[in-house]
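Single-letter residue listing:
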Amino acid sequence: MTAISFGDALNRTLHDCMAADDSIIIAGEDIAGGAGIEDSDVELGGVFGVTRGLAARFGTGRVLDTPITESAFVGMGLGAAATGLRPVIEVMFCDFFGVCFDQLINQAAKMRFLSNDRIQLPLVIRTTMGAGDGSGAMHSQSLHALVASVPGLRVVCPATPADAAGLLKTSIASPDPVIFMEHKGLYGLTGPLREDEDGHIVPIPLGKGRYVRRGTDLTLVATGAMVQEAEKAADILAVRGMRCEIIDPRTISPLDMEILIESVAGTGRLLVVDEGAAFAGFADAVVSKISQKAFAFLKSAPVSLTPPHTPVPYGRALEAAYLPSHEKIVECALRHFSK
Amino acid sequence: MTAISFGDALNRTLHDCMAADDSIIIAGEDIAGGAGIEDSDVELGGVFGVTRGLAARFGTGRVLDTPITESAFVGMGLGAAATGLRPVIEVMFCDFFGVCFDQLINQAAKMRFLSNDRIQLPLVIRTTMGAGDGSGAMHSQSLHALVASVPGLRVVCPATPADAAGLLKTSIASPDPVIFMEHKGLYGLTGPLREDEDGHIVPIPLGKGRYVRRGTDLTLVATGAMVQEAEKAADILAVRGMRCEIIDPRTISPLDMEILIESVAGTGRLLVVDEGAAFAGFADAVVSKISQKAFAFLKSAPVSLTPPHTPVPYGRALEAAYLPSHEKIVECALRHFSK
Amino acid sequence: MDIEILGKYLFKAAFIRSFEQRLAQFSQKGLVPGLLHLCLGAEVFEVILCSKLDSSCDQVTGSHRSHGLALAMETDPVSVAAEILGLEAGLSAGIGGTQHLLAPESGFLSSNGIVGGQVPMAAGAALSAKVRGTGGIAVTVFGDGAFNQGAISETMNLAAVLSLPVLFIVENNGLGQSTAAGYATAGSVIQRVRSLGIAAERVDSNDIEAVDTVTDTMTAWVRNNGSPAVIEALVPRLGGHYHGENEAYLGDQKVPDPLHTLETKALNSGLAEDQIQDILSRARQDADSAVEQAAKLYPAGESLMAKWSAKLHWNSGVGLLQAGGTDT
Amino acid sequence: MDIEILGKYLFKAAFIRSFEQRLAQFSQKGLVPGLLHLCLGAEVFEVILCSKLDSSCDQVTGSHRSHGLALAMETDPVSVAAEILGLEAGLSAGIGGTQHLLAPESGFLSSNGIVGGQVPMAAGAALSAKVRGTGGIAVTVFGDGAFNQGAISETMNLAAVLSLPVLFIVENNGLGQSTAAGYATAGSVIQRVRSLGIAAERVDSNDIEAVDTVTDTMTAWVRNNGSPAVIEALVPRLGGHYHGENEAYLGDQKVPDPLHTLETKALNSGLAEDQIQDILSRARQDADSAVEQAAKLYPAGESLMAKWSAKLHWNSGVGLLQAGGTDT
Ligand SMILES: Cc1ncc(C[n+]2csc(CCOP(=O)(O)OP(=O)(O)O)c2C)c(N)n1
Ligand SMILES: Cc1ncc(C[n+]2csc(CCOP(=O)(O)OP(=O)(O)O)c2C)c(N)n1
Ligand SMILES: [Mg+2]
Ligand SMILES: [Mg+2]
């Protein structure tokens, strides 16, 4: 068990996977950095440093800096995936999915289906998500459910270094296109890495959630950066006598319904906290699925806690008012579930 | 009360609105038709004929045929809306939102907010949705909830000629960007048009649902082409002794929660049938909101009936297996609600 | 030109023509689920183009109007026809349909329902060929209308910048649906692509000799230099945008049919009249029988959708590597 | 050139420089929520460009790097600074921030967080001017990196085809984030836009006279002809991509600073040394005091978000015309 940051865990995984498999290539903007600048020999390694050292190690034949043309290079990724490579494409922020959305929802998502499974599409789109750093309305969105609502795309939202590494490894091996969403606020988070006896990263299956903590009174569902808020809230609620069970589904699609139902069966109460859409987002999806599948267990109305249905604001006070937080979780839990 | 087709109702509304307000312009592909063809004097009026006669009447200064560049002309629409015009832009199929999604989710959706209301954005994006005509995976999607999940966009899904006309009129007058989704399968549907004593189309407010029929045993929620399926199903279920109440919310955002809660308060049972996403779609949104807001009224688990979580298939038998239908509604209602 | 080769071109082009005409008849009888975008007029160019390719390492992507390309790449015609008819023996068991023909096994990676959607993926096929050192190239075919789509200009730039072996084919038939290319396109195709520093040639599909040379030169250039090139092919659109469309917007343009031109060329090059007739009638018979055979097959139905529903289900790991984990 | 005009240019450009430097200091103190993309090096060009515009009918849209443009269009500097600081007196009460400055009232329609996102909307502003007959034009400013984005090539084509009065400005600073323009861009900007049949000029921002002439000619051309034009402006990027960035990837490039060039030019044209110093120090004082004043204002908070939450709520008709209906 090594303690490592979330960002370094991803970097380590990319290094390991690329070393093990020649067919893995990566492409994106500034992922090596300094392309075409004469005296430049210092790698940028992506704006968050996740791709550091890859170009130096594997060469610019496999680590491609691209022009700022997401449609072209995401499409290139899927075309390469359909013809024998395993591309890992970086789209700097998921907000930029807007400029390449056709390549995601119509091309990547549908190709395996349209080929009736004659084509496998081992494509990973790495991207960032989430607010909290004053990046404003077009660099802070949480579009995990939006992409998960598109049949054919798999969506991963890790919350810890170990999950980031293990899930990235599995995503790269997946024959389905995977949208791999890294919350910007987590890059600095440190934690242990799970390795096997040979020092290999232990892969984590897609579709398998995780009990962050066990509890009996309320099921808190959270992903990405919200997991930490849920943990802090649970600490506070524990003092108030409410023992929360926290579930991190880790992947949005496939979604681990078993763990969700199991938990709600135990607690009878559901609070989903999410940074995504207030309408038809991840929170609505979970509340709906649980209401349908575990209705009999519910002791009271399920509750979702999301940002308001507005774009992400910029100013610090505004952003704080916008984002779910442990304080808001506590307040929400007490208001809805304290009798 | 004139009987008129859904398509003609839209055409009539565009004529009326453009005649009444010089600032309304329309743009899109082939909406006049024959642009640049020398001997062409026959207007195509759009691939579904909805814009027929507009170019002849209002001139190509206000009715603009565009190249096949959705990002450019949707963006042009929003820029024009921000600076004094009221553009009605046609995107031929909502599946093509992929190629102009940035202009929808980042630009149009966020502009009023980012300006803190100094800019109004009276932009209507007319588009088609829905399967059932063998158009295949990229001309048949139902992305109403996907766009409704984006804060700042309003989404309208009319199911009758009267609603199409009344809602289009209101949409054009709206200071918010509206995605106006016309189900391809409805263009031929005829019905009365609601006009006032002066022969003007009666506008229908956004956010106001409609009781399609009253009933006591089960609330069926449906929009667009699914309303007809719900009606047929209700007829059959009536024979089996189940009296369905059918609600057509008509607009996805804003969503008329009052009518939904009122209905569920009466019936205690909810079945949402929808042609959109099986995960984080309209059905999940309604089920979630009702489970949260009307839990106490629910006598049994709410249910959603959607297509499977796959792209839309092409072959007739496949497409029939994919789409919700009145038979499937009946089966689903009996399975879940017959005790 | 070698008359044997001319004969082959003629056979294939005539086959495609007959194949589509036969399907159009089926469409009129209501037996085709979707709208048919026929390639009437483009067959000869496409056949000659594809004759320069090697389906073992090259990949072609095409637009909504790609029946001919799939066939020119030697995709099994019964499977193509069955796919267009939405039947079980189709390439994808009828899941994809007329606008979504996928046959990477014969070098036809994909056609596409989104104008321009097929173009970026060609850069990917080219990248694969380059990284894996297969010697292959990618060819992507699209229309004059598509030419203005951002995804295409982006991909041309990307292919140039990354030196990817992609041959871009602009099939300029003068129309995008009902809109004239001259109206929709600023500047000229050739100038625009040359301004990217990409090698480009324009060819009239009625000039058989030129088509043969240009496709040969340009495929070789891309293959040998590992960098992109463009061909603008002037092809007529001999029918409506789709079969059965109300073509009222079209004036009466008269354009020579490259298939007739090829016939004449073959005749002038020494192929006997009866040989030609024989080729044409064989082509027609083969095409008819392929379509007829396809039409006899079963439609795919519920079980296939059930399979896919399970596979892609939001709560299913099927089809995904569940490395060391249980299937949820 | 008229020394009075040179003096004005100098004042404004120096004001923008000081304004941004002051904000950079605030950023270092942790008082700016987001990353600051400073326009260091582009001020002179932007000031001269905007001096040719009429804010009563023209509209400018800009990229992520648009503080200078907003100020050059005479947007109130306190409001701009407060917006960048995320405070209540900001243009949008701090909702938008550094990358989202919207001031249509002063002819600056919008800046943008999406590379290229601001360009199509300029076509719309131009269309409005055309349809409403205001005599206005739209100007849209973006970088060399953005130039490859599909939305931009699409918009150039659209503006040409529909004859829209849009002036496209490619601010070529040789870099898109850490990537050289020469690496990312096939062909040359000028050739590429001229191939669309669009009038285009290239100008070095250190050639003050040329900047003055080219911006004057091109804005007039667009206004008079009602059709698009392009200026490629060579501007240096005197700092990192954003303030505080690790610029290790940059070699040591030495480029002349147009602000110094303008100073020299003013001197050579007859403006006295002390007049120049006076201009520069006034500019610095004004800028400092604008930023300082802004920084004293309140942050907006919960009540504003509550207002917007109600307004845009998925279950709210607020902000929508509820024609004849009840508000649900
Ligand atoms: C993004 C997108 N926009 C619009 C359409 C509708 N559409 C299908 S084909 C077509 C015309 C295409 O013209 P062109 O590229 O010249 O090809 P051609 O049909 O002439 O072969 C249009 C507008 C589409 N399928 N995708
Ligand atoms: C669609 C999109 N892709 C990527 C980015 C991230 N990004 C912001 S600025 C920038 C570089 C832009 O370069 P250029 O257009 O030359 O403008 P400059 O920063 O040099 O002024 C990039 C890659 C973005 N904001 N939007
Ligand atoms: Mg064409
Ligand atoms: Mg730049």
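What you see is a predicted model, and the numbers here were worked out from it, not measured in a lab.

### Quick word on the overall build of chain C
Phase 1: When helices and strands are counted, chain C shows 12 helices and eight strands.
Phase 2: At 20 Å, chain C has a C-alpha radius of gyration in line with the 20 Å of a compact globule built from 328 residues.
Phase 3: Expressed along its principal axes, the backbone C-alpha trace of chain C runs to roughly 70 × 50 × 40 Å.
Phase 4: Evaluated residue by residue, chain C yields a buried proportion of 65% over its 328 residues.
Phase 5: For chain C, long-range pairs separated by at least 24 residues make up 72% of all intrachain contacts whose partners lie at least 6 apart in sequence.
Phase 6: Carbon and sulfur atoms form 50% of the exposed surface of chain C, whose accessible area is close to 10800 Å².
Phase 7: Distance from the positive charge centre (21 side chains) to the negative charge centre (35 side chains) of chain C: 2 Å.

### Details of the coordination of the magnesium ion (ligand 3)
Residues and elements named next belong to chain C.
Phase 1: At 2.0 to 2.1 Å from the magnesium ion (ligand 3) lie its protein donor atoms, namely Asp144 (OD), Asn173 (OD1) and Leu175 (O).
Phase 2: Look at where the donors of the magnesium ion (ligand 3) fall in the sequence and you get D-x28-N-x1-L. Remark: asparagine 173 occurs in the loop between strand E4 (166-172) and strand E5 (175-176) and aspartate 144 occurs in the loop between strand E3 (138-143) and helix H6 (150-161); sequence separation between them is 29 residues.

### Notes on the coordination of the magnesium ion (ligand 4)
Phase 1: Binding of the magnesium ion (ligand 4) to the protein goes through Asp144(D) (OD), Asn173(D) (OD1) and Leu175(D) (O), at separations of 2.0 to 2.1 Å.
Phase 2: For the magnesium ion (ligand 4), all donor residues lie on one chain, and their spacing in sequence is D-x28-N-x1-L.

### Considerations on the packing of aromatic side chains
Phase 1: For the structure shown, the criterion picks out 18 aromatic pairs over all chains.
Phase 2: Aromatic side chains Phe6(A) and Tyr187(A) sit 6.1 Å apart centroid to centroid with 70° between the ring planes, which places their arrangement in the edge-to-face category. Placement of the pair is Phe6(A) in helix H1 (residues 6-20) and Tyr187(A) in the loop between strand E7 (178-183) and strand E8 (190-193), with a sequence separation of 181 residues.
Phase 3: Overall, the relative accessible area of 10% leaves Tyr187(A) in the buried class.
Phase 4: With a centroid separation of 5.0 Å and an interplanar angle of 25°, the aromatic rings of Phe48(B) and Tyr187(B) are classed as stacked. Remark: Tyr187(B) occurs in the loop between strand E7 (178-183) and strand E8 (190-193) and Phe48(B) occurs in the loop between strand E2 (24-28) and helix H2 (54-58); sequence separation between them is 139 residues.
Phase 5: Linked through ring pairs, Phe6(A), Phe48(A), Phe93(A), Phe96(A) and Tyr187(A) together constitute an aromatic cluster.

### A short note on the site of ligand 1
Phase 1: In the region of ligand 1, 22 residues are neighbours, and Glu70(B), His64(C), Arg65(C), Gly145(C) and Leu175(C) sit closest.
Phase 2: Among the chains of the assembly, those with residues near ligand 1 are chains B and C.
Phase 3: Between Gly145(C) and ligand 1, the recorded distance is 2.8 Å, taken from a backbone N or O atom to an oxygen atom.
Phase 4: With the chains in place, 97% of the 580 Å² that ligand 1 exposes on its own is no longer accessible.
Phase 5: By residue class, the composition of the shell around ligand 1 is eight nonpolar, 10 polar and four charged.

### Quick look at the interface of chain B and chain D
Phase 1: Taken together, the 52 residues of chain B in the interface contact 53 residues of chain D.
Phase 2: Buried area between chain B and chain D, both sides added, is near 4200 Å², and the carbon and sulfur share of it is 65%.
Phase 3: The largest per-residue losses of area from chain B upon contact with chain D belong to Phe113(B), Leu114(B) and Arg118(B), which jointly make up 16% of the total buried on that side.
Phase 4: For the pair chain B and chain D, the interface holds two salt bridges.
Phase 5: Note that Lys311(D) and Asp117(B) form a salt bridge whose closest N and O atoms lie 2.7 Å from each other.
Phase 6: The interface formed by chain B and chain D contains 18 residue pairs in polar contact (both at pLDDT 80 or more).
Phase 7: Contributions of two or more residues to the side of chain B that touches chain D are made by strand E3 (63-65), helix H3 (70-81), helix H4 (101-114), helix H6 (161-173) and helix H8 (257-267) of chain B.
Phase 8: If you tally residues by element for the side of chain B that touches chain D, the top one is H3(B), at nine residues.

### Considering the sheet that holds E4(C)
Residue and element names in this part refer to chain C.
Phase 1: Strand order in the open sheet formed by six strands is E2-E1-E3-E4-E8-E7, and the pairing between neighbours is parallel. Whereas interior strands pair on both sides, the edge strands pair on one side only; in this sheet they are strand E2 (108-110) and strand E7 (199-204). Neighbour-to-neighbour, the strand axes of the sheet open up by a mean angle of 20°, direction not taken into account.
Phase 2: Helix H9 (residues 208-225) contacts E4, E7 and strand E8 (229-234) of the sheet and is inclined by roughly 160° relative to E7.

### Details of helix H3 (residues 70-81) of chain A
Phase 1: Taking 1.5 Å per residue, 12 residues should reach 16 Å; H3(A) reaches 16 Å between its end C-alpha atoms and fits that length.
Phase 2: Burial analysis of H3(A) places 12 of its 12 residues in the buried class, the great majority of the element.
Phase 3: For H3(A), every residue scored as buried is listed here: Glu70(A), Ser71(A), Ala72(A), Phe73(A), Val74(A), Gly75(A), Met76(A), Gly77(A), Leu78(A), Gly79(A), Ala80(A) and Ala81(A).
Phase 4: Lining the buried residues of H3(A) we find strand E2 (24-28), strand E4 (86-91), helix H4 (101-114) and strand E5 (124-129) of chain A together with helix H5 (118-132) and H6 of chain C.

### A look at the pattern of salt bridges
Phase 1: Per the stated rule, a full pass over the model turns up 66 salt bridges over all chains.
Phase 2: Salt-bridge contacts for Arg52(B) lead to Asp8(B); the nearest nitrogen and oxygen are separated by 3.0 Å. Here Arg52(B), found in the loop between E2 and H2, pairs with Asp8(B), found in helix H1 (residues 6-20); they are 44 residues apart in sequence, far enough to count as distant.
Phase 3: For Asp8(B), a relative accessible area of 32% corresponds to the partly exposed category.
Phase 4: Between Arg86(B) and Asp21(B) there is a salt bridge, with the nearest N and O atoms lying 3.9 Å from each other. Of the two residues, Arg86(B) sits in strand E4 (residues 86-91) while Asp21(B) sits in the loop between H1 and E2, which places them 65 residues apart along the sequence.
Phase 5: For Asp21(B), a relative accessible area of 25% puts it in the partly exposed group.
Phase 6: Salt bridges sharing partners connect three or more residues here, namely Arg112(A), Asp117(A), Arg154(A), Asp176(A) and Lys311(C).

### Some points on the pairing of strand E3 (residues 138-143) of chain D
Residue and element names in this part refer to chain D.
Phase 1: A large share of E3 lies buried, amounting to six of its six residues.
Phase 2: With three bridges joining them, strand E1 (residues 59-61) and E3 adopt parallel strand pairing. Residue pairing in the sheet places valine 60 in a bridge with valine 139 of E3.
Phase 3: Sheet analysis places E3 next to strand E4 (residues 166-172), joined by six bridges and oriented parallel. For phenylalanine 142, the partnering residue across the bridge sits in E4 and is valine 170.
Phase 4: What joins E3 to E4 is helix H6 (residues 150-162), and the crossover it makes is right-handed.

### Topic: the domain arrangement of chain A
Often, the extent of an interface is quoted as the loss of accessible area upon association of its parts.
All names here are of chain A.
Phase 1: According to the domain assignment, chain A contains domain 1 (2-193) and domain 2 (210-337).
Phase 2: Placing the centre of domain 1 and that of domain 2 at their C-alpha centroids yields a distance of 27 Å.
Phase 3: Taking both sides of the interface into account, the surface hidden between domain 1 and domain 2 amounts to around 1800 Å²; carbon and sulfur atoms contribute 58%.
Phase 4: The largest contributions to the domain 1 side of the interface with domain 2 come from His144, Cys157 and Asp163, which together make up 21% of the buried area.
Phase 5: The tally of links between domain 1 and domain 2 comes to two salt bridges.
Phase 6: Arginine 210 serves as the salt-bridge partner of aspartate 163, at 3.2 Å between the closest nitrogen and oxygen.

### Some remarks on the site of ligand 2
Phase 1: Within the structure, ligand 2 sits among 22 residues, and Glu70(A), His64(D), Arg65(D), Gly145(D) and Leu175(D) are positioned closest to it.
Phase 2: Interatomic distance of 2.7 Å between a side-chain N/O atom of Arg65(D) and an oxygen atom of ligand 2.
Phase 3: Separating an oxygen atom of ligand 2 from a backbone N or O atom of Leu175(D) is a distance of 2.8 Å.
Phase 4: The protein chains hide 97% of the 580 Å² of surface that ligand 2 would expose on its own.

### Brief notes about the packing of H1(B) against H6(B)
Residues and elements named next belong to chain B.
Phase 1: In the contact formed by H1 and H6, the axes pass within 8 Å of each other and the chain directions differ by 30°. The orientation of H1 relative to H6 falls into the category roughly parallel. Between H1 and H6 lies a crossing of right-handed hand. Here H1 contributes Phe6, Ala9, Leu10, Thr13, Leu14 and Cys17 to the contact with H6, which in turn contributes Pro161, Ala164, Ala165, Leu168, Lys169 and Ile172.

About the criteria used
Residues numbered from 1 in each chain as written. Chains lettered and ligands numbered in written order. Predicted model: local features only at pLDDT ≥ 70, side-chain atom pairs only at ≥ 80, totals over all residues. Heavy atoms only, no water. Helix = DSSP H or I, 4+ residues; strand = E, 2+ residues; numbered from the N terminus. Rg over C-alpha atoms; globule rule 2.2 N^0.38 Å. Buried < 20%, exposed > 50% of the residue type's maximum accessible area, 1.4 Å probe, protein only. Contact = heavy atoms within 4.5 Å. Areas by Shrake-Rupley, 256 points an atom, 1.4 Å probe, with all protein chains shown as cover. Lys, Arg positive; Asp, Glu negative; His and termini not counted. Charge placed at Lys NZ, Arg CZ, Asp CG, Glu CD. Donors = N, O, S within 2.8 Å, 3.2 Å for Na, K, Ca; no water. Phe/Tyr/Trp six-rings, centres within 6.5 Å; stacked < 30°, edge-to-face > 60°. Near = heavy atom within 4 Å. Polar contact = N/O pair within 3.5 Å; in protein donor to acceptor, adjacent residues only side chain to side chain. Nonpolar A, V, L, I, M, F, W, Y, C, P; charged D, E, K, R; others polar. Buried area = accessible area lost by both parts, 1.4 Å probe. Salt bridge = Lys/Arg side-chain N within 4 Å of Asp/Glu carboxyl O. Pairing = 2+ DSSP bridges. Axes fitted to C-alpha atoms, helices over the stretch in contact; angles between N-to-C directions. Expected span 1.5 Å × (residues − 1). Right-handed = clockwise from strand over helix to strand, strands pointing away. Domains from an automatic or database assignment. Parallel < 35°, antiparallel > 145°, perpendicular 65-115°, else oblique. Left-handed = near helix turned anticlockwise from the far one by under 90°.

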